[in-house]
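What the coordinates show
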Amino acid sequence: NGDGPAKDGPAIHVHEVQTLRQQVRRRRQTAPTDGTTQQIAAAALEQATDPVYARISIEIAAEATRNPEITALFAINGTLVKSKLIGILKRGIANGQIDSGLNPALAATWLIALTDGAIGRPVMDPAFKPKAHAPMLQLMIRRFLQPQAS
């Protein structure tokens, strides 16, 4: 009925949440910090091509529609990811590595949407192989972020 976990219990099991937490911790330790387009693309690619991360992400998103506690955690995580990405983009702009005409908050939103789409695409299209499409994802992100000639 949308008021809580599904009748059969939560779709997400404790060990899956623990796995996701471990992956988030690992990604935070290795996240790009200087705003190079290559690093941002590589970080997005890592998420999009990790089948465990993809499966858990999709399950968490589905569970968030039924469980207010998961919704709140999902929102907090989304805010943290976006704010960190905005900071990375701002540093990249300041260093001349990212297009100064981009609004960092809007660019972060679209980068997250692109990555989320790549993570979820195999569910919608089983023939979609994220690792095979990885070079295109990297190219798209690099071209989106690269400084424009004046």
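Just above, that's the structure.
Residues numbered from 1 in each chain as written. Predicted model: local features only at pLDDT ≥ 70, side-chain atom pairs only at ≥ 80, totals over all residues. Heavy atoms only, no water.

**With respect to the overall build of the protein**
Along the protein, the regular secondary structure elements total six helices and zero strands. Order of helices (α) and strands (β) in the protein, N terminus to C terminus: α-α-α-α-α-α. For the protein, with 150 residues in total, the buried portion stands at 34%. Taking as baseline every contact in the protein between residues at least 6 positions apart, the subset at least 24 positions apart corresponds to 74%. For the protein, the exposed surface amounts to about 9300 Å²; the carbon and sulfur share of it is 60%. (Helix = DSSP H or I, 4+ residues; strand = E, 2+ residues; numbered from the N terminus. Buried < 20%, exposed > 50% of the residue type's maximum accessible area, 1.4 Å probe, protein only. Contact = heavy atoms within 4.5 Å. Areas by Shrake-Rupley, 256 points an atom, 1.4 Å probe, with all protein chains shown as cover.)

**Concerning the side chain of D99**
Tracing the chain through its elements places D99 in the loop between α4 (68-94) and α5 (104-124). Here D99 occupies a buried position and makes no salt bridge, while the nearest side chain of opposite charge, R143, is found at 13 Å. A polar contact is formed between the side chain of D99 and the backbone nitrogen of G101, at a distance of 2.9 Å. Excluding anything up to four places from it in sequence, D99 contacts I93, L145, Q146, P147 and Q148. (Lys, Arg positive; Asp, Glu negative; His and termini not counted. Salt bridge = Lys/Arg side-chain N within 4 Å of Asp/Glu carboxyl O. Polar contact = N/O pair within 3.5 Å; in protein donor to acceptor, adjacent residues only side chain to side chain.)

**Side note on the pattern of salt bridges**
Taken as a whole and assessed by the stated rule, the structure comprises two salt bridges. As a salt-bridge pair, E63 and R66 come within 2.8 Å of each other at their nearest N and O atoms. For E63, a relative accessible area of 1% puts it in the buried group. By relative accessible area, which is 24% here, R66 ends up partly exposed. R121 is the partner of D125 in a salt bridge, and the nearest nitrogen-oxygen pair spans 3.9 Å. Note on D125: relative accessible area 27%, which makes it partly exposed.

**Points about the layout of surface pockets**
By volume, the second largest pocket is sized at about 150 Å³. Among the secondary structure elements, those contributing two or more residues to the lining of the second largest pocket are α3 (51-64), α5 and α6 (130-145). A total of four residues in the lining of the second largest pocket trace back to one element, the largest contributor, which is α3. When its residues are assigned to classes, the lining of the second largest pocket shows eight nonpolar, one polar and three charged. (1 Å grid on protein atoms, 1.4 Å probe; cavity = no way out; pocket = protein on both sides within 12 Å on 5 of 7 lines; lining within 4 Å. Points joined across faces, edges and corners; volume = space filled by probe spheres on them. Nonpolar A, V, L, I, M, F, W, Y, C, P; charged D, E, K, R; others polar.)

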